[in-house]
Amino acid sequence: MAGNEDDCVVVVNPESGRGDDGISRIRELAAEYGFELAVSEEPGDPVDLTRKAIEAGATRIGACGGDGTVNEVVRGIDAAGALEATLLGVIPGGTGNNFAGNVGVEGIEHGFELLAEGETRRIDLGVAGDQLFVNSSVCGLTADASESTSSDLKGRFGELAYVFNTIDRMRDFESIPLHVHAEDAGGSWDGNAMFVLIGNARRFPAGGNEQANVEDGLFEVTIIEDVSTGQLVRETATRRLLGGEVSSLHRLTASSLTVDVRGDEPVSFSFDGEIARFDELPCRVRPGALAVRVGDAYDPIPPEPEDV
Ligand SMILES: Nc1ncnc2c1ncn2[C@@H]1O[C@H](COP(=O)(O)OP(=O)(O)OP(=O)(O)O)[C@@H](O)[C@H]1O
């Protein structure tokens, strides 16, 4: 079996996902592959555990958890100044595991297999203010929904919890007055947004394809404008979330952009699921910054999103 104890550490968030006894399976697999485990004890730990593992000589790091854990591990690699020299493997132990899906990792066993041996690609990273993000930064409806989705609800319903929550919130969600300025795309957008997704590895669902091109040095940005409220919004909520037809949807691609909130209060942005508030958020791409193992389902040049 490939794998070498000295250079590969798997950083595990035991609270990710459904909180079942998944950790014992992770221990078994780590032992089988000869990888060292570093188990996180509290939020933020994966950043330090990763940095320390690299300082102690690790050149391959597994991030075992959901998108939030991947985010923290990547921040740890960056904090060690080791993005050039470190290989990331994703072991999908979270609830949604959206990023894992976007790089073709199909499950925990597959994640271990790829970490031991697999194709490596260099992908872009996003920087928003001083935060790194790997998958996406979201503001508006879904950022609010993920902030208020309790871990109990997530535990019982997994991904569906986001959908329940979002539909529930649509009843009284006030759209956000925004100005989005994308320097190199030569465009700007002004209006009231229900949500904005700044996608690095992820794009707004369209035609069932959620993976963005993550090697092109560009974000794929989707803005959903506030449309009519009330019954129509409620009736179409599920469809919109799951990638159905949306009339007030705007897409742009850019290597840097600024989101300006025009209201009095800062708003919540989610960075790979971690929430922070801003009233102005400059974002830029760090092209090819991260080396990551990918599965066969990963497509370096995914088909263009279908127009909706
Ligand atoms: N012991 C711990 N170590 C690290 N993070 C923890 C720990 N306990 C709770 N957390 C929280 O776990 C969250 C990260 O969860 P993560 O995103 O990896 O899983 P998830 O939400 O189940 O999956 P997904 O984001 O894919 O839906 C962070 O917000 C962090 O606050």
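Only a predicted model underlies this, so the values are computations on that prediction, with no experimental measurement involved.

Student: Looking at this model, I keep getting lost on the nonpolar core. Mind explaining?
Tutor: Most often, soluble globular proteins keep nonpolar side chains buried together rather than apart. Formed by 75 residues in total, the largest nonpolar core has its most connected members in Val 11 and Val 196. Both domain 1 (8–118) and domain 2 (131–287) contribute no fewer than three residues apiece to this core. Val 196 has contacts with Cys 139, Gly 140, Leu 178, Val 180, Val 221, Ile 223 and Val 259, leaving out every residue within four places of it along the chain.

Student: I would appreciate a short explanation of the confidence of the model for the protein in the present structure.
Tutor: As a note on interpretation, predicted positions should not be read in detail where pLDDT is low. In this model, the protein carries an average pLDDT of 84, and 77% of its residues clear a pLDDT of 70 or more. Within the model, the stretch residues 1–5 combines pLDDT values under 50 with 13 contacts to residues more than four positions away or in other chains. Our summary of model confidence lists the complex with pTM equal to 0.86 and ipTM equal to 0.96.

Student: Would you take a moment to explain the site of the ligand for this structure?
Tutor: Taken together, 22 residues surround the ligand, and among them Ser 40, Pro 43, Gly 66, Gly 68 and Gly 94 come closest. Contributions of two or more residues to the shell around the ligand are made by helix 2 (45–55) and helix 3 (67–79). Considering each element in turn, the shell around the ligand owes the most residues, three residues, to helix 3. Partitioning the shell around the ligand into residue classes produces three nonpolar, 13 polar and six charged.

Student: Would you explain the packing of helix 1 (residues 22–33) against helix 5 (residues 108–116) in this entry?
Tutor: Running from N to C, helix 1 and helix 5 point in directions that differ by 25°, and their axes come no closer than 11 Å. Considering their axes alone, helix 1 and helix 5 lie roughly parallel with respect to each other. Taken as a pair, helix 1 and helix 5 cross one another with a handedness that is right-handed. Contact residues: Arg 25, Leu 29 and Tyr 33 in helix 1; Ile 108, Glu 109, Phe 112 and Ala 116 in helix 5. Tallied by class, residues from the contact of helix 1 with helix 5 come to five nonpolar, no polar and two charged.

The rules we used
- Residues numbered from 1 in each chain as written.
- Predicted model: local features only at pLDDT ≥ 70, side-chain atom pairs only at ≥ 80, totals over all residues.
- Core = buried A, V, L, I, M, F, W, Y, C linked by C-beta atoms within 7 Å.
- Buried ≥ 20, exposed ≤ 12 C-beta atoms within 10 Å, placed from the backbone.
- Domains from an automatic or database assignment.
- Contact = placed C-beta atoms within 7 Å.
- pLDDT = per-residue confidence, 0-100.
- Near = placed C-beta within 6 Å.
- Helix = DSSP H or I, 4+ residues; strand = E, 2+ residues; numbered from the N terminus.
- Nonpolar A, V, L, I, M, F, W, Y, C, P; charged D, E, K, R; others polar.
- Axes fitted to C-alpha atoms, helices over the stretch in contact; angles between N-to-C directions.
- Parallel < 35°, antiparallel > 145°, perpendicular 65-115°, else oblique.
- Left-handed = near helix turned anticlockwise from the far one by under 90°.

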